[in-house]
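Overview (structure and organization)
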Amino acid sequence: MFSNTITRTNMSAVYMSGGKGTSIEENNISNNYAGITVAHAREITLARNIIRENSDYYGAVSLTNLTNVQIVNNVIGNNREGIDATQVRNSRFEGNNLSKNYAGIYLVASSNNTLINNNANSNIWSGIVLSSSSNNTLINNNANLNYYAGIYLFYSSNNTLTNNTANLNYYA
């Protein structure tokens, strides 16, 4: 799915359940109930999308039960959630810009992922959140000026954080 503009739907602008090897790239998705929802799939690429002003609690990008996903160079702003990833494994979140969402990147029960060179700044709650998530690697991410926390680990273990910046948040 390439180069589409999707606005003002009462559901997810893009919804995918099951599948392998799909790319969702260079789309402009705004003012929908939800942005991109992907569940029960593997080897998916989300790249260079602009996703803004979608209202659903689960996020501009909602990912559930996925393996080997590439979420790269997306601009995600002014949504209820930025990227909400539940049970996502062996995936890469790289070069995404997330601002003015409730949370920038929110991993739940997710493992063996790499978050690198993301900017999760000026979000309402936190920039990057790991909840019940383990064995993830965070490198060179910026999580500044978030209302609550820059990087928040909640019931999470064995994660590696290297060269990240978290400034001017209420907590680190």
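Since we're looking at a predicted model, the values are computed, not measured. (Residues numbered from 1 in each chain as written. Predicted model: local features only at pLDDT ≥ 70, side-chain atom pairs only at ≥ 80, totals over all residues. Heavy atoms only, no water.)

This part takes up the overall build of the protein. Each helix and strand in the protein was counted, giving zero helices and 20 strands. Since a compact globule built from 172 residues should have a radius of gyration of about 16 Å, the 14 Å found for the protein is in line with a globular shape. Each principal axis of the C-alpha atoms in the protein carries an extent, and together these give about 35 × 30 × 20 Å. Expressed as a percentage of its 172 residues, the buried residues of the protein come to 48%. When the accessible surface of the protein is split by element, carbon and sulfur atoms take 47% of a total near 7700 Å². Of the charged side chains in the protein, 9 are positive and 8 negative, and the gap between their average positions amounts to 1 Å. (Helix = DSSP H or I, 4+ residues; strand = E, 2+ residues; numbered from the N terminus. Rg over C-alpha atoms; globule rule 2.2 N^0.38 Å. Buried < 20%, exposed > 50% of the residue type's maximum accessible area, 1.4 Å probe, protein only. Areas by Shrake-Rupley, 256 points an atom, 1.4 Å probe, with all protein chains shown as cover. Lys, Arg positive; Asp, Glu negative; His and termini not counted. Charge placed at Lys NZ, Arg CZ, Asp CG, Glu CD.)

Spatially, the seven strands line up as an open sheet ordered β2-β5-β8-β11-β14-β17-β19, and their pairing is parallel. Every other strand in the sheet has two partners, leaving β2 (12-17) and β19 (149-154) as the edge strands with one partner each. The mean inter-strand angle of the sheet, taken between neighbouring strand axes irrespective of direction, is 10°. Of the strand pairs in this sheet, strand β14 (residues 103-108) and strand β17 (residues 126-131) are connected by five bridges, and their pairing is parallel. (Pairing = 2+ DSSP bridges. Axes fitted to C-alpha atoms, helices over the stretch in contact; angles between N-to-C directions.)

By size, the foremost hydrophobic cluster in this structure holds 33 residues, and its most contacted members are Ile-36, Val-38, Leu-63, Ile-83 and Phe-93. Those elements that provide at least two residues to this core are β2, β5 (34-42), β8 (61-67), β11 (83-89), β14 and β17. Setting aside residues up to four positions removed in sequence, Val-38 forms contacts with Met-16, Ile-24, Ile-44, Ser-62, Leu-63, Thr-64 and Leu-66. (Core = buried A, V, L, I, M, F, W, Y, C linked by side-chain atoms within 4.5 Å. Contact = heavy atoms within 4.5 Å.)

By the secondary structure assignment, Asn-27 is in the loop between β3 (23-25) and β4 (28-30). Using a relative accessible area of 2% as the deciding quantity, one classes Asn-27 as buried. Among the polar contacts made by the side chain of Asn-27, one reaches the main-chain amide nitrogen of Asn-4 at a distance of 2.8 Å. Not counting residues within four places of it along the chain, the set of residues in contact with Asn-27 comprises Met-1, Phe-2, Ser-3, Asn-4, Arg-48, Asn-49 and Ile-50. (Polar contact = N/O pair within 3.5 Å; in protein donor to acceptor, adjacent residues only side chain to side chain.)

What follows covers the environment of Ser-157. By the secondary structure assignment, Ser-157 is in the loop between β19 and β20 (160-162). Considering only alpha carbons, one finds Ser-157 and Ile-6, 151 residues apart in sequence, at a separation of 38 Å. Leaving out residues up to four positions away in the same chain, Ser-157 has contacts with Ser-133, Ser-134 and Asn-135.

This paragraph deals with the sheet that holds strand β1 (residues 5-7). The six strands lie next to each other as β1-β4-β7-β10-β13-β16, forming an open sheet whose pairing is parallel. Each edge of the open sheet is held by one strand with a lone partner, namely β1 and β16 (119-121). Each strand of the sheet is rotated relative to its neighbour by a mean of 5°, with strand direction disregarded. Here three bridges tie strand β7 (residues 50-52) to strand β10 (residues 75-77), and the two strands are oriented parallel to one another. In the sheet register, Arg-52 faces β10, and the bridge partner there is Gly-77.

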